[in-house]
Amino acid sequence: MSASASAAGGSMNQRLVDQLDTNLLRVLHTLLTERSVTRTAMKLGQSQPAISNMLKRLREITGDAILVRGKNGMTATERGEELLLLARQGLNVMESIASPAPAFMPASTQRVFQLGAPDYLSALLIPLIIEKLREQAPNAGLTVHALNAGFDYANALETGELDCVIGNWPDLPQHLHLAQLFEDEVVCMVHRKHPVVSKGLSIKYYLEMAHLAPTPYMMGHRSIIDSALAEQGLKRKIQMTIPYFGMVPYVLARTDLIFTTSRSFAVQCAKDWPIEVLPMPITVPKMKFFMLWHERAHAAAEVQWLRRIVAEASAKVMA
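Now for a description of the structure that goes with this document. These numbers come from a predicted model, not from an experiment. (Residues numbered from 1 in each chain as written. Predicted model: local features only at pLDDT ≥ 70, side-chain atom pairs only at ≥ 80, totals over all residues. Heavy atoms only, no water.)

**Description of the nonpolar core**
The nonpolar side chains of a soluble globular protein tend to be buried, and buried together.
Thinking step 1. Judged by nonpolar contacts, the single largest core of 58 residues is most densely connected at Ile 129, Ile 166, Met 189 and Tyr 206.
Thinking step 2. Here this core takes six residues from helix H13 (residues 301–317), the largest share from any one element.
Thinking step 3. Excluding anything up to four places from it in sequence, Ile 129 contacts Leu 115, Leu 142, Ile 166, Ile 309, Val 310 and Ala 313.
Thinking step 4. Ranked by size, the runner-up nonpolar core spans 20 residues in total, among them Val 27, Met 54, Leu 83 and Ala 87. (Core = buried A, V, L, I, M, F, W, Y, C linked by side-chain atoms within 4.5 Å. Buried < 20%, exposed > 50% of the residue type's maximum accessible area, 1.4 Å probe, protein only. Helix = DSSP H or I, 4+ residues; strand = E, 2+ residues; numbered from the N terminus. Contact = heavy atoms within 4.5 Å.)

Take a look at the structure:
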């Protein structure tokens, strides 16, 4: 068959497919079930001529008689028997599309949720989220994806690789939905025996000290702390950067470095390490933590539930 003939055949077939609709599928299914134009008309509340016309259209579309006369009335052709099953499946698909999604039941779901979060939330928020998940959805799974400069979280939300992302950003993307989770004060962490603990942390000391800082998890973006300093014409001396917040107390316990972070993280570390938490000597805005998600998952009951779990866990962070 030539390419032009094949294209013409495909075009003709598409035109026939386009003539099918839910009403014709229902008539086809009822005709093949009742094996009678009269009973079909009565069952569907339509006139007999109307059903006869639709049977004619169906014969044209399918290229088959569908129903033929037999000794005891109408009987289906071999193709008609096949069409009965297909019509039933087609109607089921239509009904499924038109029906609302089934209610989400956390207690029985086995969905594996996908959450993006920076490393510094690992000791605070993530355990609370997992605790709530285990309580309400014991069969569900959770995969936490670490945010880093090479991870395009916005695209991951759009493609469904992630359900939602939590963190703090100096510039929030405009095309994503967002909810503010909590605010936290900015403080400093140093070794408990650091001289600055007894002398007091002045602005001068803060800017002159060697700083430990996290590796940025957004390419080309300055941290919230450095942005706040820059607005005041100031710049700190970042001498060491590390990719994991879990390393911070280990480093501070063995060096004279200073680390600037949220109070909740600093207080958590000070419980188990020889670390002193000092007030920030420069006025900077509080850290604001957000949850982001894409429009594709905005109305999904499962993801709505996950967002509610994240919000409830966030409320406990600052409690």
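Now that the structure has been shown, we can carry on.
**Remarks on the packing of aromatic side chains**
Thinking step 1. Enumeration according to the criterion identifies seven aromatic pairs in this entry.
Thinking step 2. Members of the aromatic cluster, connected to one another through ring pairs, are Phe 104, Phe 113 and Trp 305. (Phe/Tyr/Trp six-rings, centres within 6.5 Å; stacked < 30°, edge-to-face > 60°.)

**Let's talk about the pairing of strand S4 (residues 141–146)**
Thinking step 1. Taken together, the six bridges between strand S3 (residues 112–117) and S4 define a ladder with parallel strand orientation. The residue of S4 that forms the bridge with Gly 116 is His 145.
Thinking step 2. Note that the unit made of S3, helix H6 (residues 125–136) and S4 has a crossover that is right-handed. (Pairing = 2+ DSSP bridges. Right-handed = clockwise from strand over helix to strand, strands pointing away.)

**Regarding the pattern of salt bridges**
Should their charged atoms come close, side chains of opposite charge can pair.
Thinking step 1. A full pass over the atoms with the stated rule returns nine salt bridges.
Thinking step 2. The salt bridge partner of Glu 34 is Arg 39, with a shortest N-O separation of 3.4 Å.
Thinking step 3. Judged by its relative accessible area of 19%, Glu 34 falls in the buried class.
Thinking step 4. Note on Arg 39: relative accessible area 42%, which makes it partly exposed.
Thinking step 5. Arg 79 is the salt-bridge partner of Glu 82, the closest N and O atoms lying 3.0 Å from each other. Of this pair, Glu 82 and Arg 79 are both found in helix H5 (residues 78–98), three residues apart, which corresponds to roughly one turn of the helix.
Thinking step 6. For Glu 82, a relative accessible area of 47% translates into the label partly exposed.
Thinking step 7. For Arg 79, a relative accessible area of 34% puts it in the partly exposed group. (Salt bridge = Lys/Arg side-chain N within 4 Å of Asp/Glu carboxyl O.)

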